[in-house]
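Take a look at the letters that make up each chain.
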Amino acid sequence: GYRARSAYKLKQLDQDAGLFGPGNTVVDLGAAPGGWLQVAAEEVGPQGQVIGVDLQRIRDVEADTVETIRGDMTDEETKEKLRERVGEEGADVVISDMAPNMTGEYSLDHARSVHLARQAFEVALELLPAGGDLAVKVFDGPDVEDLRADMEEEFQYVRSIRPDASRDQSSEQYLVGKHRITAPVATGD
Ligand code: SAM
């Protein structure tokens, strides 16, 4: 079985948006307790690689293709560790299920969620070569549209997906950017 029910959300995102292939390198941000790591490891198979990051310690996942880093994705030190672990070839897919501790104050929870989603987006731009995909959780609210617009500049297209498994937390959605576009070279004019 999976460690977290959220595993089924990732399965649905993969079914709807075609995220993973055999042999892929996947970066999973906000990975504890490890449900998404289990699903990603199954999908990429023995030739793949899955790297999870979380503030919390993550209990070892059985698949030996999974490695984890304990750290805060808003810290430069954690990002540097992650870049080193991923290496020069980069990742095929970045997924983020990062969520803030809920205060119950809607606008604050929303703002913190968008901040975490933007951290994931920024690190994805460093880790994904052309063709790479990003799926990132965000709580509904006024700032989602700006994030989506920024993602649309970097990916061929962006979809918003609400997995059935999220029904009971209906204020969350996943923005999925498909096929990263390589930045055009600046011409200076
Ligand atoms: N996808 C996971 C699974 O299937 O097991 C569940 C992730 S849980 C909904 C959200 C996680 O985001 C929490 O474990 C939390 O510690 C992590 N998180 C929140 N802020 C973070 C940050 N700044 N850096 C790293 N992880 C963070």
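About the thresholds
- Residues numbered from 1 in each chain as written.
- Predicted model: local features only at pLDDT ≥ 70, side-chain atom pairs only at ≥ 80, totals over all residues.
- Helix = DSSP H or I, 4+ residues; strand = E, 2+ residues; numbered from the N terminus.
- Rg over C-alpha atoms; globule rule 2.2 N^0.38 Å.
- Buried ≥ 20, exposed ≤ 12 C-beta atoms within 10 Å, placed from the backbone.
- Contact = placed C-beta atoms within 7 Å.
- Core = buried A, V, L, I, M, F, W, Y, C linked by C-beta atoms within 7 Å.
- Near = placed C-beta within 6 Å.
- Nonpolar A, V, L, I, M, F, W, Y, C, P; charged D, E, K, R; others polar.
- Pairing = 2+ DSSP bridges.
- Axes fitted to C-alpha atoms, helices over the stretch in contact; angles between N-to-C directions.

Asker: Account for the overall build of the protein, with residues named and values stated.
Answerer: Within the protein, the regular secondary structure consists of five helices and seven strands. For the protein, the α and β elements follow one another from N to C terminus as α-β-α-β-β-α-β-α-β-α-β-β. Scaling as 2.2 N^0.38, a compact globule of 189 residues should have a C-alpha radius of gyration of about 16 Å, and the protein matches this with 16 Å. Taking the principal axes of the C-alpha coordinates as reference, the protein spans close to 50 × 40 × 35 Å. Residues counted as buried form 39% of the 189 residues belonging to the protein. In the protein, once contacts between residues fewer than 6 apart in sequence are set aside, the share between residues at least 24 apart is 64%.

Asker: Describe the nonpolar core, with residues and values.
Answerer: Burial of nonpolar side chains together is a common tendency in soluble globular proteins. Formed by 48 residues in total, the largest nonpolar core has its most connected members in V26, A40, V94, A120 and V136. The set of elements that each furnish at least two residues to this core consists of helix 1 (6-17), strand 1 (25-29), helix 2 (35-44), strand 2 (49-54), strand 4 (93-96), helix 4 (106-127), strand 5 (133-139) and strand 7 (172-180). In terms of residues, this core owes the most to one element, helix 4, which gives eight residues. In contact with V26, other than residues within four places in its own chain, are F20, A40, V44, G48, V50, A91, D92, V93 and I95.

Asker: Break down the site of the ligand for me, with residues and values.
Answerer: Looking at the ligand, there are 22 residues lining it, with A4, G30, G35, M73 and D97 nearest. When residues of the shell around the ligand are traced back to their parent elements, those giving at least two are helix 1, helix 2 and strand 2. Split by residue class, the shell around the ligand holds 12 nonpolar, six polar and four charged.

Asker: Can you tell me about the sheet that holds strand 5, naming the residues and giving the values?
Answerer: In space, the seven strands of this open sheet follow the order 3-2-1-4-5-7-6, with mixed pairing throughout. Single-partner strands in this sheet number two, and they are strand 3 (66-70) and strand 6 (155-161). Across the sheet, the mean angle from the axis of one strand to that of its neighbour is 15°, orientation sign disregarded. Of the pairings in the sheet, the one linking strand 1 to strand 2 comprises five bridges and is parallel in character. Looking across to strand 2, one finds that L29 is bridged to V53. The sheet contacts of helix 5 (residues 144-152) involve strand 5, strand 6 and strand 7, and relative to strand 6 the element is tilted by about 150°.

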